[in-house]
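Coordinates in review
Chain by chain, the residues:
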Amino acid sequence: GAGVSQSPSNKVTEKGKDVELRCDPISGHTALYWYRQSLGQGLEFLIYFQGNSAPDKSGLPSDRFSAERTGGSVSTLTIQRTQQEDSAVYLCASSTRPGRGEKLFFGSGTQLSVL
Amino acid sequence: AQKVTQAQTEISVVEKEDVTLDCVYETRDTTYYLFWYKQPPSGELVFLIRRNSFDEQNEISGRYSWNFQKSTSSFNFTITASQVVDSAVYFCVSGGARQLTFGSGTQLTVLP
C-alpha cells in the first residue's frame, strides 16, 4: 500500500484478555518500529526490527508484550493478560535506512482500551 | 541515552501571530539527527524536518523555520503567520543509530 497500515484502528478489550495488533509497513521498508502513546504523552519506544537482525526489544515494558515480524514485512504486537495501564495508542512506523536519519512513516495507530 | 525536553506543554496564539516551539536535547552520540514531527487531530504523525548533528545551517521552508544551535543543544521551530490548520501537537525528536527519542510534545492551538 501507499502508507503504513495498522489494524484494528480501535480495540476494546477486557482486563486479562490477550490482544494482537497488526502493522503492514510500506513495501520495501526494512525497518519497522512500534511506539506507544499514552493520553497527552510523547511516544514511548517499544521495539525495533531491522531486516533479518535480532530485534531491539529494549523498550518492551514487561514480558506480557511481544512482537514478531514475519517475512520481513507484516508485524504483530501481542499483549497478553492486558491491564488497564496498557490502554494507549499503539503506533507503528517504517523507514528505509535506519541509522541514517531517514524519516519515519507512521500509521494511524491502534487505540487500545482495556476495561 | 538521549533525552528531549519540550518545556512548553500548551501554547495558544491568535491566527497570523508568529510562534516558536522550544526543544532542548541531550545526547552522548557524536553523530545524531534531530527531527520535528506534527500530529494533527487525526492522529497520524507527519514528518516536518530533519537536521544532522554536523549541519547547523538553519532552514526556512515557507512559513516554517528552524534554529539549530549545538552550543545550547537547542532545535527550535518557528511558525510565521500561524494558521488555524497549524493546530496540532508538535514533537521534537532526537535519533542516533537506531531508535528515536520523542519529546513530550507541545500542543499548539491557533485561534481564528
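To be clear, the structure that these remarks concern was listed above.
Residues numbered from 1 in each chain as written. Chains lettered and ligands numbered in written order. Predicted model: local features only at pLDDT ≥ 70, side-chain atom pairs only at ≥ 80, totals over all residues. Heavy atoms only, no water.

Right, let's talk about the sheet that holds strand β7 (residues 75-79) of chain A for a bit. Residues and elements named next belong to chain A. Strand order in the open sheet made by the four strands is β1-β3-β7-β6, with antiparallel pairing throughout. The sheet is open, and its two edges are formed by β1 (5-7) and β6 (65-69), each paired on a single side. Within this sheet the neighbouring strands show an average axis-to-axis angle of 15°, counted without direction. In this structure, strand β3 (residues 19-24) lies alongside β7, joined through five bridges in antiparallel fashion. Paired with Leu21 across the bridge in β7 is Leu77. (Pairing = 2+ DSSP bridges. Helix = DSSP H or I, 4+ residues; strand = E, 2+ residues; numbered from the N terminus. Axes fitted to C-alpha atoms, helices over the stretch in contact; angles between N-to-C directions.)

Judged by nonpolar contacts, the single largest core of 23 residues is most densely connected at Trp36, Trp66, Phe75, Phe77, Tyr90 and Leu108 of chain B. Where this core is concerned, the elements lending two or more residues are β2 (10-14), β3 (19-21), β5 (33-39), β6 (46-52), β8 (64-69), β9 (74-79), β10 (88-95) and β12 (106-111) of chain B. Beyond its immediate chain neighbours, meaning those up to four positions away, Trp66 of chain B contacts Trp36, Leu48, Ile49, Asn58, Glu59, Ser61, Phe75, Asn76 and Phe77 of chain B. Grouped together as the second largest cluster of nonpolar side chains are 20 residues, Val19, Ile26, Leu32 and Val114 of chain A included. (Core = buried A, V, L, I, M, F, W, Y, C linked by side-chain atoms within 4.5 Å. Buried < 20%, exposed > 50% of the residue type's maximum accessible area, 1.4 Å probe, protein only. Contact = heavy atoms within 4.5 Å.)

With that settled, the discussion passes to the state of the cysteines. With the rule as written, the count across this model stands at two disulfides over all chains. One disulfide in the model links Cys23 of chain A with Cys92 of chain A; its S-S distance is 1.8 Å. Across the disulfide from Cys23 of chain A to Cys92 of chain A, rotation about the S-S bond amounts to roughly -65°, and the bridge is consequently left-handed. One end of the pair, Cys23 of chain A, is in strand β3; the other, Cys92 of chain A, is in strand β8 (residues 88-95), and 69 residues separate them in sequence. With a relative accessible area of 0%, Cys23 of chain A lands in the buried category. Residue pairing for Cys23 of chain B: its cysteine sulfur links by disulfide to Cys92 of chain B, the two sulfurs lying 1.9 Å apart. Between Cys23 of chain B and Cys92 of chain B, the S-S torsion sits near -70°, and that sign places the bridge as left-handed. One end of the pair, Cys23 of chain B, is in the loop between β3 and β4 (24-26); the other, Cys92 of chain B, is in strand β10, and 69 residues separate them in sequence. (Disulfide = S-S within 2.5 Å.)

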